[in-house]
Amino acid sequence: MNATSEISRTPSPSDALPHDPAPALTLAEPFIFEAMGTVVSVRAVGGVPAAARPHLRDAFETLEDRFSLYRPASEASQVANRTLTLRQASDEYRRVYDLAIDWRAATSGAFTPHRPDGAVDLSGIVKALGIQAAAAVLDAHGVHDYVLNAGGDVVVSGAQPDGRPWVVGIVDPDDRTRLLSQYSAPVPVSDAGGEPTSAPTRRAVATSGVAERGDHVWHLGSDDTFCQVTVVADDIVTADVLATAVLAGGPGTLAEATTGWPGLEVLACAPDGRRWATPAFRA
Amino acid sequence: MSTKAKLASAAASVGVLFLGWQAGTAHGQTALTPTTPTTTTTTSGASGTSGGSSSGTSSSGTSSSGTSSSNSSTSGGTSASTSASGTYTGTTETHRYGSVTVTVTLSNGTITNLNADVVSDGEHRSESINAEAVPMLESEIKSANSAGVSTVSGATYTTTAYLESLQSALDQAK
């Protein structure tokens with residue numbers, strides 16, 4: 001699989017969203033590329049500048065070079081198979097490892113960088129770091145109104161061309177062709193003339209589920225209450241880590257997350273149809 | 001969870017939240033008293049549990065869920081099936097840098113809003129705090145309006161699964 005090839009685009013009627021064959025988007029075409037085994041889609045007001053595109057790819061590629069367990073020569077692979085000790089690892093590797101360990105402590109172990117066999121696997125946090133780096137690339141190129149989606153994890157910034165908020169649909173865990181709910185991101189404050197008077201608002205939405213990439217979530221506490229957890233936070237690392245932690249840790253971790261991180265929005269789903277929701281996801 | 005436990009849990013979360021703002025003071029407690037006593041929930045019970053809960057949270061660092069569940073079992077014997085509705089305002093707690101007043105809105109025993117009025121260094125602000133994710137039926141969840149959706153969040157799809165994803169459909173929309 002070529003990690004940098006663009007996805008062929010073959011629209012078909014079945015691709016349309018339910019209830020609406022033609023979503024009303026007046027944006028430039030998205031910039032789409034493969035990274036970290038999934039697909040990244042960037043949609044920006046005014047389009048993604050050509051000069052930013054190689055840097056967006058690099059934001060993911062640089063991390064993947066070092067942290068991919070699918071690349072036998074990567075530093076992460078060498079640590080995982082114990083040909084390299086943590087002490088010998090690069091500063092960059094240890095910085096990410098330390099971040100993962102900090103999150104393990106903050107989530108009482110619900111999030112962990114260790115696989116059940118004891119090997120270190122930082123992929124749970126590396127993808128979020130890639131998204132964060134890509135968002136920084138857009139910032140550096142003066143792009144403030146955009147939606148960045150990497151394999152279902154999302155960062156939204158600013159607002160749509162007409163000033164409406166970005167809306168993030170949440171997939172129904174029981175039927176992936178449908179949306180269960182949605183989250184409307186806050187829009188920047190504007191004056192009477194519509195000119196923004198505040199910095200672009202930014203929110204991150206991450207969803208973790210048990211149905212895909214089965215090894216991605218490890219049920220450490222053997223809690224299997226939730227089959228899908230969506231977390232909205234100010235940054236994608238927090239959203240992604242806590243979505244994974246709540247999925248693995250169940251209702252106890254959910255309560256700790258909403259208590260410990262003010263401003264968090266959560267939508268958690270149980271296989272039997274029960275839902276847990278903070279105000280943003282309530283009807 | 002009983003109403004009192006919910007109040008205690010809310011107060012515990014507020015205790016954690018304002019701990020940073022109250023650096024330098026000995027305690028981060030917020031006592032809750034109902035301003036609109038529309039139910040049988042007792043004032044002393046609510047303030048008592050919340051005080052103990054938040055001090056326990058701030059001093060020992062134990063999780064609020066653990067603390068509130070123990071309160072839940074304690075209060076269960078006295079008022080097990082209270083379904084409170086109304087707005088409850090805590091006493092205004094002053095500290096070195098200003099004051100904090102917390103208001104909790106309950107609907108049938110469910111926290112629907114938690115608001116903090118904060119005065120700090122002369123500045124006043126009011127913040128809504130999402131205390132907790134509460135269990136509900138799917139019909140009580142905000143539904144999606146596909147026409148207005150900009151992007152789709154779901155459990156990570158692989159490159160091959162992407163073409164069948166809703167995100168792919170959106171990406172192909174002109």
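Residues numbered from 1 in each chain as written. Chains lettered and ligands numbered in written order. Predicted model: local features only at pLDDT ≥ 70, side-chain atom pairs only at ≥ 80, totals over all residues. Heavy atoms only, no water.

Caption draft 1: Summary view of the packing of aromatic side chains. All names here are of chain A. According to the stated counting rule, one finds seven aromatic pairs over all chains in the structure shown. Ring geometry for Phe33 versus Phe60: centroids 6.0 Å apart, planes at 65°, classification edge-to-face. One end of the pair, Phe33, is in strand β1 (residues 31-35); the other, Phe60, is in helix α1 (residues 53-67), and 27 residues separate them in sequence. By relative accessible area, which is 1% here, Phe33 ends up buried. Since its relative accessible area comes to 1%, Phe60 is described here as buried. A centroid spacing of 4.9 Å and a plane angle of 75° characterise the contact between Phe226 and Trp276, whose relative ring orientation is edge-to-face. Residue Phe226 is found in the loop between β7 (202-209) and β8 (228-233), and its partner Trp276 is found in strand β10 (residues 275-277); the two are separated by 50 residues along the sequence. Trp276 carries the same exposure label as Phe226, and that label is buried. (Phe/Tyr/Trp six-rings, centres within 6.5 Å; stacked < 30°, edge-to-face > 60°. Helix = DSSP H or I, 4+ residues; strand = E, 2+ residues; numbered from the N terminus. Buried < 20%, exposed > 50% of the residue type's maximum accessible area, 1.4 Å probe, protein only.)

Caption draft 2: The nonpolar core, seen in detail. A:Val42, A:Leu56, A:Phe60, A:Tyr93, A:Leu122, A:Ile125 and A:Leu148 are the most contacted members of the largest nonpolar core, which has 64 residues in total. Excluding residues that lie within four positions of it along the chain, A:Val42 makes contacts with A:Pro30, A:Phe31, A:Phe33, A:Val48, A:Leu56, A:Leu138, A:Val147 and A:Leu148. One finds A:Trp166, A:Ala185, A:Leu267 and B:Ile141 within the second-largest nonpolar core, a separate group that totals 20 residues. (Core = buried A, V, L, I, M, F, W, Y, C linked by side-chain atoms within 4.5 Å. Contact = heavy atoms within 4.5 Å.)

Caption draft 3: Focus on the pattern of salt bridges. Residues and elements named next belong to chain A. Scanning the model with the defined rule gives 13 salt bridges over all chains in all. Of the charged contacts, one joins Glu61 and Arg71 as a salt bridge, the two residues approaching to 3.3 Å between their closest N and O atoms. You can see Glu61 sitting in helix α1 and its partner Arg71 sitting in the loop between α1 and α2 (75-80), a full ten residues away along the chain. Residue Glu61 is classed as partly exposed on the basis of its relative accessible area of 22%. Its salt-bridge partner being Arg95, residue Glu92 comes within 3.3 Å of it at the nearest N-O pair. With Glu92 and Arg95 both in helix α3 (residues 91-106) and three residues apart, the pair spans about one turn of that helix. Residue class for Glu92 comes out partly exposed when judged on its relative accessible area of 27%. Several salt bridges share partner residues, and in doing so they unite Glu61, Glu64, Asp65 and Arg71 into one network. (Salt bridge = Lys/Arg side-chain N within 4 Å of Asp/Glu carboxyl O.)

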